[in-house]
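Spelled out, the chains give:
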Amino acid sequence: MKALIIYYSQSGNTYKVARQIGKGIRDTGADVKLIKLKEADYEMLKEYDLIGFGSPTWKADTPNMHAFIDKLPEQDGKHCFCFCTHGTLPHLYFPIVVPNLKRHGFNVIGYKDWYGDVYMPGMPKPYYTCGHPDDIDLREAYEFGKEMAENSPRITAGEEGLIYPEPEMNAKVFRQAMICSNMLLCPTNPQGAFVRDPEKCLYPKCTICMDNCMMGYIDLSKDPQVFGNRGDKCDDCHECSYCYMLCPSGAITTDPDHKFAHDINAPHEAFEKMLEEDEVTGKFRRLIPLDQVGYATPYVYWHPERPYMKVPKMTDDLDEE
Ligand SMILES: Cc1cc2nc3c(=O)[nH]c(=O)nc-3n(C[C@H](O)[C@H](O)[C@H](O)COP(=O)(O)O)c2cc1C
Ligand code: SF4
Ligand code: SF4
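Residues numbered from 1 in each chain as written. Chains lettered and ligands numbered in written order. Predicted model: local features only at pLDDT ≥ 70, side-chain atom pairs only at ≥ 80, totals over all residues. Heavy atoms only, no water.

Draft legend 1. Representation of the sheet that holds strand 2 (residues 31-36). One open sheet accounts for five strands, arranged 2-1-3-4-5; its pairing is parallel. In this open sheet, the two strands that pair with only one neighbour each are strand 2 and strand 5 (107-115). Within the sheet, the average angular offset between the axes of one strand and its neighbour, ignoring direction, is 15°. Along the sheet, helix 1 (residues 13-26) contacts strand 1 (2-7), strand 2, strand 3 (50-56), strand 4 (79-86) and strand 5; its crossing angle with strand 4, the most-contacted strand, is approximately 145°. On the sheet, helix 4 (residues 135-156) packs against strand 3, strand 4 and strand 5 and is oriented at approximately 175° with respect to strand 5. (Pairing = 2+ DSSP bridges. Helix = DSSP H or I, 4+ residues; strand = E, 2+ residues; numbered from the N terminus. Axes fitted to C-alpha atoms, helices over the stretch in contact; angles between N-to-C directions. Contact = heavy atoms within 4.5 Å.)

Printed below as a string of structure tokens:
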């Protein structure tokens, strides 16, 4: 059997999980290939019997993964699975992504999610989910990969009971949908707009923001230079801040440059309530106590040096560490 895992990852959590899923699949004797979403195309899907789709949770899937799934050609019952990592609000991902994959003719044989640390400018550091994905999560990811590779031929042979049930539409899903709808109804990025100061920009020596904008919103080779969804700034409502986090020179700032001061000592009650409930059901394993969550230090205060973060090294060779 040949399996392909298509993943997107900004801060490395989904990447770590994708690798373990890949290793689990490989240890069943199957051929497996990992590929970053930006290198994937629809034609290559034809060569594989089982496809995995993985991304961080941004309400549901990330906009680039959403767009890729949205344009998929008909898959005639091909087997796939999906997975994600997330912070405190994980419940919308599968109720949205699984039906979207099915709509394109995939037989979605399984899905699984894991908590991950969160790197957003105004979010507390340490975050509620800090420490995930840990070794236990990664072992689970390995086992999930094995399960998907072992189940796929058995399902083809008629054991349809192995297919995971439809994702549940429960009260938590609806509650999270309310929280997320409220965020999405904000016509711009609630963090403000990101702007670029050409005086401080190191282009053409640096191309980090261009290379890593998932939306392809940045092209500094053009005249005039293009930055963000507006051409001169980015206020996309997905709350992305990746270029701002990665920029080494401080050329990218928020406009107005509020530096997320309003996030200091601001507990997120809806997030905490969801986590408490998920801890009770055993879904969430708390690795840091609530009183150690960094309310006083939103990320950009906890890590004031530029760049705020670096693109993690992500190799698609399963033998390379
Ligand atoms: C722009 C943005 C939006 C996010 N939205 C959510 C969300 O709606 N629900 C959630 O649980 N986590 C959310 N997160 C947290 C990420 O899903 C989590 O950190 C994930 O593990 C990151 O994966 P990565 O390291 O592979 O990029 C968001 C993170 C970012 C940067
Ligand atoms: S990351 Fe910053 S310095 Fe680099 S090209 Fe973009 S704006 Fe310029
Ligand atoms: S915030 Fe930056 S990286 Fe994110 S979509 Fe906008 S321009 Fe692209």
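That was the structure; now back to the text.
Draft legend 2. Geometry of the pattern of salt bridges. This structure, assessed with the given rule, holds 24 salt bridges. Salt-bridge contacts for Glu 321 lead to Lys 23; the nearest nitrogen and oxygen are separated by 3.1 Å. Of the two residues, Glu 321 sits in the segment after helix 9 (299-302) while Lys 23 sits in helix 1, which places them 298 residues apart along the sequence. The partner of Glu 279 in a salt bridge is Arg 286, with the nearest N and O atoms 3.0 Å apart. (Salt bridge = Lys/Arg side-chain N within 4 Å of Asp/Glu carboxyl O.)

Draft legend 3. Spotlight on the sheet that holds strand 7 (residues 233-234). If you trace the three strands from one edge of the open sheet to the other, you get 7-6-8, paired in antiparallel fashion. Each edge of the sheet is formed by a strand with only one pairing partner; in this case those strands are strand 7 and strand 8 (252-255). Two strands pair when backbone bridges link them, and strand 6 (residues 193-196) and strand 7 are joined in this way by two bridges, in the antiparallel orientation. Within strand 7, the residue paired with Val 195 across the bridge is Lys 233.

Draft legend 4. Here's a closer look at the side chain of Ser 9. Structurally, the position occupied by Ser 9 is in the loop between strand 1 and helix 1. For Ser 9, a relative accessible area of 6% gives the class buried. From its side chain, Ser 9 meets the backbone nitrogen of Gly 12 in a polar contact 3.1 Å long. A distance of 3.3 Å separates the side chain of Ser 9 from the backbone nitrogen of Tyr 15, its partner in a polar contact. (Buried < 20%, exposed > 50% of the residue type's maximum accessible area, 1.4 Å probe, protein only. Polar contact = N/O pair within 3.5 Å; in protein donor to acceptor, adjacent residues only side chain to side chain.)

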